[in-house]
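Below, each chain spelled out in residue letters.
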Amino acid sequence: MSDAYHDPSNVTNPEHADHHIVTPLQYCMVFGALLIGTLVTVLAADIDLGVLNPVIALGIACTKAVIVILFFMHVKYQSKLIKMTVGAGFFTFIVLITMTLSDYMSRAWGLW
Amino acid sequence: MDNAVVVTHPHTHETAVHEEHHHVALPQHRHHFETEEQQREAGTFGMWLFLLTEIMFFGGLFFAYLLYRNWYYDAFVSASNQLNVTLGAINTVILIGSGFFMALGVWAAEVRKRSLLVLFLVLTTVLGFAFLGIKYVEYHEKWEKHHIPGEHFDISEFVNPPIDAKTGKASEKPLAPDMAQKTQVFFSLYFAMTGMHAVHMIIGIVLLFWLTWRAYYGEFSSGYVAPIENFGLYWHFVDIVWLFLFPLLYLINRHPLK
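In this text, all values refer to a predicted model and were calculated from it rather than measured experimentally.

Procedures and definitions
- Residues numbered from 1 in each chain as written.
- Chains lettered and ligands numbered in written order.
- Predicted model: local features only at pLDDT ≥ 70, side-chain atom pairs only at ≥ 80, totals over all residues.
- Heavy atoms only, no water.
- Contact = heavy atoms within 4.5 Å.
- Buried area = accessible area lost by both parts, 1.4 Å probe.
- Polar contact = N/O pair within 3.5 Å; in protein donor to acceptor, adjacent residues only side chain to side chain.
- Helix = DSSP H or I, 4+ residues; strand = E, 2+ residues; numbered from the N terminus.
- Nonpolar A, V, L, I, M, F, W, Y, C, P; charged D, E, K, R; others polar.
- Buried < 20%, exposed > 50% of the residue type's maximum accessible area, 1.4 Å probe, protein only.
- 1 Å grid on protein atoms, 1.4 Å probe; cavity = no way out; pocket = protein on both sides within 12 Å on 5 of 7 lines; lining within 4 Å.
- Points joined across faces, edges and corners; volume = space filled by probe spheres on them.
- Domains from an automatic or database assignment.

Participant: How should the interface of chain A and chain B be read in this particular structure?
Facilitator: How large an interface is tends to be reported as the accessible area lost when its parts come together. Each side of the interface is counted separately: chain A has 56 residues, and chain B has 51 residues. For the pair chain A and chain B, the summed buried area comes to about 4800 Å², and 78% of that belongs to carbon and sulfur atoms. For the pair chain A and chain B, the interface holds three residue pairs in polar contact (both at pLDDT 80 or more). Looking at the side of chain A that touches chain B, the elements with two or more residues in it are helix H1 (24-45), helix H2 (52-72) and helix H3 (80-107) of chain A. Ranked by the residues each element gives to the side of chain A that touches chain B, the list is headed by H3 of chain A, at 13 residues. The residue inventory of the side of chain A that touches chain B, partitioned by class, reads 36 nonpolar, 16 polar and four charged.

And the structure:
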């Protein structure tokens, strides 16, 4: 084993992010943002916006989910490996949804 | 190629032996990891791989909801408006609060404050129970209204919706009996999705009891944060599922397309 692989203080491998502790103040701000998001989504549901109702509801839900993932789940402060893993998972999920949905939508194309 | 063990790093003198074990600083540090940081990242990576399988699992349920909502749109609108938005919103706030205390628990473990960690874990658990309690009230209402799919399901309220006292019109669009039967599809998905979510919460609460017990005896206040942090990832994931369930099941059908 060469010295290059033995790196107890982790200086030769910058891929490993510094360990970061999120402060309680940051958590409080995230908590506040999530509560505001919940309030907005409930209020928006009472207004008749036609096709925009589900779009806005899902948009707010996605925003809240991203906030939770980045801060509560610390992904913002993780290494590239973890960020890629999380991103790849959601990307694969979107691919599966898109391809399955396009199949369902195109089966009876023009027959309705 | 055989699997014979080849000594590539012979212990020639005492300092080499000393060097090799130098990085073992904490009792939880396994010797097959180079550094504490590497071990921690490997754990986080593994936890995320598990959560990705969970995304696919809940994703399948969400996709079924998307598809059936398009097929039986009127039934889904009427059935969805039977849900109690106030209770759903209160539960959302409770769950966000529970996630908030879990996040603070991870912080308390990082800064090695034992009693704060125990307090935050207990608060996380209490709010988890509060969520399940409200969920029970909602399920019980469905039981009383015969809105649980199966033999005793009652479509009368969907075929003849109650007349609104103020406007003098039906509170919902009346459904033809065959479409009214499809409200069972909505309630099946409602119980499958919120039920699977509740099962995840029950598992989480069981784990919380175990972690609180260990935290009380000081296991996570000496720099060993990984179990708390990885459980936190699970708990926040369950939160995220609810952040999508709430608008999809309770909110988006309040104003149906004409």
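Following the structure, the description resumes.
Participant: Got a minute to help me understand the environment of Leu207 of chain B in this structure?
Facilitator: Residues and elements named next belong to chain B. Along the chain, Leu207 falls in helix H8 (residues 183-216). Since its relative accessible area comes to 32%, Leu207 is described here as partly exposed. Along the primary structure Leu207 and Phe231 are separated by 24 residues, whereas in three dimensions their C-alpha atoms are 8.1 Å apart.

Participant: Help me out: how do you make sense of the layout of surface pockets in this one?
Facilitator: The probe, sized like a water molecule, is rolled over the atoms to show the empty space still left. Its boundaries defined by the atoms lining it, the largest pocket holds a volume of some 1000 Å³. What lines the largest pocket is a set of 34 residues, among which Leu58, Cys62 and Phe93 of chain A together with Phe62 and Phe244 of chain B lie closest to the centre. Elements supplying a minimum of two residues to the lining of the largest pocket: H2 and H3 of chain A together with helix H2 (36-71) and helix H9 (226-251) of chain B. Considering every element that reaches the lining of the largest pocket, the biggest residue donor is H2 of chain B, with ten residues. Its residues placed into classes, the lining of the largest pocket shows 29 nonpolar, three polar and two charged. Built from parts of two domains, the lining of the largest pocket gets at least three residues from each of domain 1 (22-73) and domain 2 (79-106) of chain A.

Shape is all these values report; function is a separate question.
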